Amino acid sequence: MSKCEQCIIRQFNSFKYLSKEELLRLSSCKTSKIIKKGETIFEEGDHLNGLFCIKDGVCKVSKMSENGRNQIIDLIQKGDIIGERSLVSDETSNLKAVALNDMEICFIPKEEIIRDLSKNPNFTMGVLKDLANNLKKADNVIVDMAQKTVKQRLAETLIKLKEKFDLNEDGIINIQLSREDIANIIGTATESAIRLLSDLKKKKIIEFKGKEIKILDIKGLEKIAHGF
């Protein structure tokens, strides 16, 4: 098990504001675990009572609507933290997190984090900035759902995936998502997502390598995302 004070991942999140002594204390109370692809990290309605720090891998965070459709809110990757809301609210989790590939995560209990929040203003500000950023993302999702077509949302999603996960040497996006996952990101039926992806392929904007997506024409995607 790696120690928090030696972990390079903390440079990507709020833990970078903690002192060596604070990190040593967190290290002694955290638990690390391996989550296999497809396994659930937490369910809607769970009491999180702490933070999850992603050491490796990617998970999808989603919300089930009343009509039974899953809406993917965000993709959380190496260096990210989830569960910040559990620090300021005693409510159960509003979201579900599922591993998209094999993951290594660390869990730090709420009471330990609260001690640092009360004593370290830089750390508190870092956590608040993360919460504010998550709210901004949620605002953008609401506006996109209301004002953009499904085709625009698909193009925008592919651009964001490219920016977030980068492309490999073959131009393929470095994250494998099922067609259902893509549909759940853009808020449509799986059949509609498959049809729209096939349309982009016919126009030679993307191509498929199995489940992987290769971007051939980024400018073409950007035009569609802007409604042209």
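Residues numbered from 1 in each chain as written. Predicted model: local features only at pLDDT ≥ 70, side-chain atom pairs only at ≥ 80, totals over all residues. Heavy atoms only, no water.

(A) Quick peek at the UniProt feature "domain: Cyclic nucleotide-binding" (unreviewed entry) in the protein. Taking the UniProt record as the reference, the feature "domain: Cyclic nucleotide-binding" (unreviewed entry) is found at residues 14-134. The span residues 14-134 shows a helical share of 31% and a strand share of 36%, and its end C-alpha atoms are spaced 14 Å apart. (UniProt positions renumbered as here; feature names shortened; annotations may be inferred. Helix = DSSP H or I, 4+ residues; strand = E, 2+ residues; numbered from the N terminus.)

(B) Molecular detail of the sheet that holds strand S8 (residues 103-109). Reading across the sheet, the four strands line up as S1-S8-S3-S6 and stay open at both edges, with antiparallel pairing between neighbours. Each of the sheet's edge strands pairs with one partner strand only, and the pair in question is strand S1 (31-35) and strand S6 (81-82). As paired elements, strand S3 (residues 50-56) and S6 share two bridges and run antiparallel to each other. Counterpart to Phe52 in the pairing with S6 is Ile82. Its contacts with the sheet place helix H3 (residues 110-119) against S3 and S8, and it is angled at close to 70° to S8. (Pairing = 2+ DSSP bridges. Contact = heavy atoms within 4.5 Å. Axes fitted to C-alpha atoms, helices over the stretch in contact; angles between N-to-C directions.)

(C) Representation of the environment of Lys37. Mapping Lys37 onto the fold places it in the loop between S1 and strand S2 (40-42). For Lys37, a relative accessible area of 56% puts it in the exposed group. Along the sequence, Lys37 and Thr149 sit 112 residues apart, while their C-alpha atoms lie 31 Å from each other. (Buried < 20%, exposed > 50% of the residue type's maximum accessible area, 1.4 Å probe, protein only.)

(D) Quick peek at empty space enclosed by the protein. Applying the stated rule across the entire model yields two cavities of 30 Å³ or more. What lines the second largest cavity is simply Leu161, Ile173, Ile175, Gln176, Leu177, Ile182, Lys211, Glu212 and Ile213. Looking at the lining of the second largest cavity residue by residue, the classes come out as six nonpolar, one polar and two charged. (1 Å grid on protein atoms, 1.4 Å probe; cavity = no way out; pocket = protein on both sides within 12 Å on 5 of 7 lines; lining within 4 Å. Points joined across faces, edges and corners; volume = space filled by probe spheres on them. Nonpolar A, V, L, I, M, F, W, Y, C, P; charged D, E, K, R; others polar.)

(E) Quick look at the nonpolar core. One finds Leu75 and Leu158 to be the most contacted residues of the largest nonpolar core, which totals 28 residues. Mapped by element, the contributors of at least two residues to this core are strand S5 (70-77), helix H5 (150-165), helix H6 (179-186), helix H7 (190-202), strand S10 (212-215) and helix H8 (218-225). Per-element accounting of this core gives the leading share, six residues, to H5. Taken together, domain 1 (4-145) and domain 2 (149-226) each give at least three residues to this core, which thus spans both. Look past the residues within four positions of Leu158 in its chain and what remains in contact with it is Ile173, Leu200, Ile206, Ile213, Ile215 and Leu221. Counting residues in each nonpolar core, the second largest holds 16 residues, with Ile41, Leu48, Met103 and Ile105 among its members. (Core = buried A, V, L, I, M, F, W, Y, C linked by side-chain atoms within 4.5 Å. Domains from an automatic or database assignment.)

(F) Broad picture of the sheet that holds strand S4 (residues 58-64). Strand order across the open sheet formed by four strands is S2-S7-S4-S5, with antiparallel pairing between neighbours. Only two strands of the sheet have a single partner each, and these edge strands are S2 and S5. Between one strand axis and the next, the sheet turns through 30° on average, direction left out of account. Of the pairings in the sheet, the one linking S2 to strand S7 (residues 96-99) comprises two bridges and is antiparallel in character. Directly across from Phe42, in S7, lies its bridge partner Ala97. Taken strand by strand, H5 contacts S4 and S5, and its axis lies near 20° from that of S5. Against the sheet, H6 contacts S4 and S5, and its axis sits at roughly 105° relative to S5.

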